[in-house]
Amino acid sequence: MNRLFRLGPVLRARKAQEDAAKGAVIQSRQEIRDAQALVKRRQLDLAGADAPTEGTARAMVASMVARQSMAATVSGAHRMVADAEELAREKQADLADAAKRRRAVEMMAERHAAAVKAHDLKTEQNNIDEMAVTAKARNAARGIDATSEERAQVLRHGNGTAADREGVARETANSVAAQRATIELADAWQAITATRATLSVAAKRNLPGAELSDEDDADSEDGSRA
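In short, a report on the structure. (Residues numbered from 1 in each chain as written. Predicted model: local features only at pLDDT ≥ 70, side-chain atom pairs only at ≥ 80, totals over all residues. Heavy atoms only, no water.)

## A short note on the overall build of the protein chain
Along the backbone of the protein chain there are six helices and zero strands. Counting helices and strands in the order they occur from the N terminus, the protein chain gives α-α-α-α-α-α. Out of the 226 residues in the protein chain, the part that is buried amounts to 16%. Considering only intrachain contacts with a sequence separation of at least 6, the fraction spanning at least 24 residues in the protein chain is 68%. Summing over all exposed atoms, the protein chain offers an accessible surface of approximately 17100 Å²; the carbon and sulfur share of this is 56%. (Helix = DSSP H or I, 4+ residues; strand = E, 2+ residues; numbered from the N terminus. Buried < 20%, exposed > 50% of the residue type's maximum accessible area, 1.4 Å probe, protein only. Contact = heavy atoms within 4.5 Å. Areas by Shrake-Rupley, 256 points an atom, 1.4 Å probe, with all protein chains shown as cover.)

Below, the structure is given as structure tokens:
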């Protein structure tokens, strides 16, 4: 399975387009604020230019023309605000479209990442199953009982509760004790008596001038036969 997402460059390009659209929206909003500030200044200028109540006719006409010009600039400022708002709406629509196109590719990337993760989990599980089968076959070839192996694992690693470990240890001790060869006490006592008799005869022989009686020879022979 290809772990690399092939549309990665496309996703990066879509993100760059979305960032550019965000910048355009921010700029259009700033233009709206600038246009609104211009309207306020023009309105203040118009309010400050009162119509003349006295003077020559020429002066009064000039003042009225100036007020009309200021009113026209106010109207033009209002049109600038409307145009800026219209441009902002267009930029906002472009941003929404760029976000949709970016999200479409991003969802494909998420599905690809999920597929890669599922493939990795499946591969890991297959490896674990294969190791378990191999270990079982190896133990079967060596003649190891699965139950005995499990008990040995409990003793070696300390898995399970304290009661489980104690029970396994007791069963193991009983098994070892059952496998030991039993010793007959009578045979052991007879062997000890024969050894003592042999040592006694040997000690008497080593004494200078000592002579063994027929009874001692008989005891030594009996000990040797025992």
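## Observations concerning the nonpolar core
Listed in full, the five residues of the largest apolar core are Ala35, Leu38, Val39, Ala77 and Val81. When contributions to this core are tallied by element, the ones reaching two or more residues are α1 (8-48) and α2 (57-142). Among the elements that take part in this core, α1 stands out by supplying three residues, more than any other. Once residues lying within four places of it in the same chain are set aside, the contact partners of alanine 77 are Ala35, Leu38 and Val39. (Core = buried A, V, L, I, M, F, W, Y, C linked by side-chain atoms within 4.5 Å.)

## Here's the deal with the environment of alanine 99
Within the secondary structure layout, alanine 99 lies in helix α2. Along the chain, alanine 99 and lysine 15 lie 84 residues apart, while their C-alpha atoms are 8.0 Å from each other.

## Points about the pattern of salt bridges
Opposite charge on two side chains permits pairing when their charged atoms draw close. Under the defined criterion, the tally for this structure stands at seven salt bridges. The closest approach of N and O atoms between aspartate 97 and arginine 101, which form a salt bridge, is 3.0 Å. Here the residue aspartate 97 and the residue arginine 101 both occupy positions in helix α2, the gap between them amounting to four residues, near one helical turn. On the basis of relative accessibility, which here comes to 30%, the residue arginine 101 falls in the partly exposed class. The partner of glutamate 106 in a salt bridge is arginine 102, and the shortest N-O contact between them spans 2.7 Å. On the criterion of helical spacing, the pair formed by glutamate 106 and arginine 102 is a turn pair, its members being four residues apart in helix α2. If you follow the salt bridges from partner to partner, you end up with Glu18, Arg102, Arg103, Glu106 and Glu110 in one network. (Salt bridge = Lys/Arg side-chain N within 4 Å of Asp/Glu carboxyl O.)

## Brief notes about the environment of arginine 42
Among the secondary structure elements, arginine 42 is positioned in helix α1. Residue class for arginine 42 comes out partly exposed when judged on its relative accessible area of 27%. For the pair arginine 42 and methionine 70, spaced 28 residues apart in the sequence, the C-alpha separation amounts to 6.8 Å. Non-local contacts of arginine 42, meaning those with residues more than four positions away in its chain, are made with Thr73 and Val74.

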